Amino acid sequence: MPVTQTLSPLELLKAEAPATRPVVALSEGTDPRVVAGALAAHQAGIADVILVGPRVEVEAALEAEGSKAGEGVTIHDPATSDLTASFAAEYYELRKHKGVDEAKARAAAETPLVYAAMLVRLGHANGTVGGAVHTTGDVVRSAIQVIGMAPDAGMVSSFFLMYPPADAPEGARAMLYSDCGLVIDPKPAEMVSIAAASAQSASALLRVDPKLAFLSFSTKGSAKHPAVDKVTEALSLFQEEHPELPADGELQFDAAFVPSVGERKSPGSAVAGQANVMIFPNLDAGNISYKITQRLGGYSAIGPVLQGLAKPANDLSRGCSAEDVTQIIAVTILQAASAKRPES
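The written sequence of each chain sets the order in which its residues are numbered from 1. Totals for whole chains, interfaces and linings use all residues, but because this is a predicted model, local features are given only for residues with pLDDT of at least 70 and pairs of side-chain atoms are given and counted only at 80 or more. The side-chain values count all of the structure's non-hydrogen atoms but skip hydrogen atoms and water molecules.

**Re the pairing of strand β1 (residues 23-26)**
For a regular strand, the rule is simple: side chains alternate between the two faces of the sheet. Two strands pair when backbone bridges link them, and β1 and strand β2 (residues 48-52) are joined in this way by four bridges, in the parallel orientation. In the strand pairing of β2, Val24 is matched with Val49. After leaving β1, the chain enters helix α2 (residues 32-43) and then returns to the sheet as β2, a path that is right-handed. When DSSP finds two or more bridges between two strands, those strands count as paired. The helix count covers DSSP runs of H or I at least four residues long, the strand count covers runs of E at least two residues long, and both are numbered beginning at the N terminus. Where β1 meets strand β4 (residues 127-130), three bridges bridge the pair, whose relative direction is parallel. By the bridge assignment for β4, Ala25 is matched with Thr128. A crossover counts as right-handed when, viewed with the strands pointing away from the observer, the path leading from the first strand over the helix to the second turns clockwise.

This is how it looks when you write it as structure tokens:
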């Protein structure tokens, strides 16, 4: 079986060339990596961008990249924007039950993360990206508070898109790993929510028919432990709720990934040896695995990408590169397009 090459989010968008360019709000418009990545996305023709931050500082960051604000690249300074007052009023309505008064709402609306999320909530942008400077907790908190969760989502979780190198061993393929960045120790019902969202994400971003492996250190009862029981319970619940989606477990990674091992350890399975969506039992396993796949296996890792929100908002690693920013912008656009696409 040859290496299966899958287009990256940026390559997908270049190939599809949407007639109307979506708008993505970048909440950290003063960071050089964010500015460079946003300019690259705009120059590639996949998005118009809003850089959020103090105008003078954003202009300086643009100038350092040899550019300036203009058509398709705009600056929003929350301290002076005409939109801030309406954003503050909206935030007050959203959070007054938590003791937020009008003064606190105004202060929140002037923060870049909340302002960018409000751009998405109120339809000024299709999605938002942050996290080059702010922590994941800050990014996720603002997204949940302002954008909110999708009606059919049980929770917000995250995933990484994993792309094999061109010289990868035979049978390598693009995969989705979840959860690798957010939910520390999901309960079985939470694993079901993560898996359901991950299947949708794989369809939208990898353009594959999802085959889900619920991973463990055991395959089909080869070990007995409460940690294994959690995975088997999650699989059982998932199959009850989503019988249309191929899923198997509990599986060790080799049984999920390598066809010959899958056939030996889980004979007759429609997933073993062919899985492209890997559901991890906890954040330890997921985070360690994606980094090993990336650093030793040579895979490209895009993420963490958030799922389960009403509209797209995504997190960046604080160690991100400008290229990472461009790819996450592309992911955000594909998520927005997927949400609008009618189900077949």
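**Considerations on the sheet that holds strand β11 (residues 313-315)**
Through backbone hydrogen bonds, the strands of a sheet pair up, either in parallel or in antiparallel fashion. Here five strands make up an open sheet; going across it, the order is β3-β2-β1-β4-β11 and the pairing parallel. Two strands lie at the open edges of the sheet, namely β3 (73-76) and β11, each paired on one side alone. Geometrically, the sheet is characterised by an average inter-axis angle of 25° between neighbouring strands, direction not taken into account. Throughout, a contact is declared for two residues whenever any of their heavy atoms are within 4.5 Å. To obtain an axis, a line is fitted to C-alpha atoms, over the contacting stretch when the element is a helix, and the angle between two such axes runs from 0 to 180 degrees between their N-to-C directions. The strands touched by helix α6 (residues 112-121) are β1, β2, β3 and β4; relative to β2, the strand with the most contacts, the crossing angle is about 150°.

**Describing the side chain of Thr128**
On the secondary structure map, Thr128 appears in strand β4. The cut-offs for exposure are 20% and 50% of the maximum accessible area for each residue type, with area from a 1.4 Å probe on protein chains only; residues under the lower value are buried, those over the upper are exposed, and the others partly exposed. You can call Thr128 buried: its relative accessible area is 7%. Leaving out residues up to four positions away in the same chain, Thr128 has contacts with Val24, Ala25, Ala116, Ala117, Val120, Ile147, Pro312, Ala313, Asn314 and Thr332.

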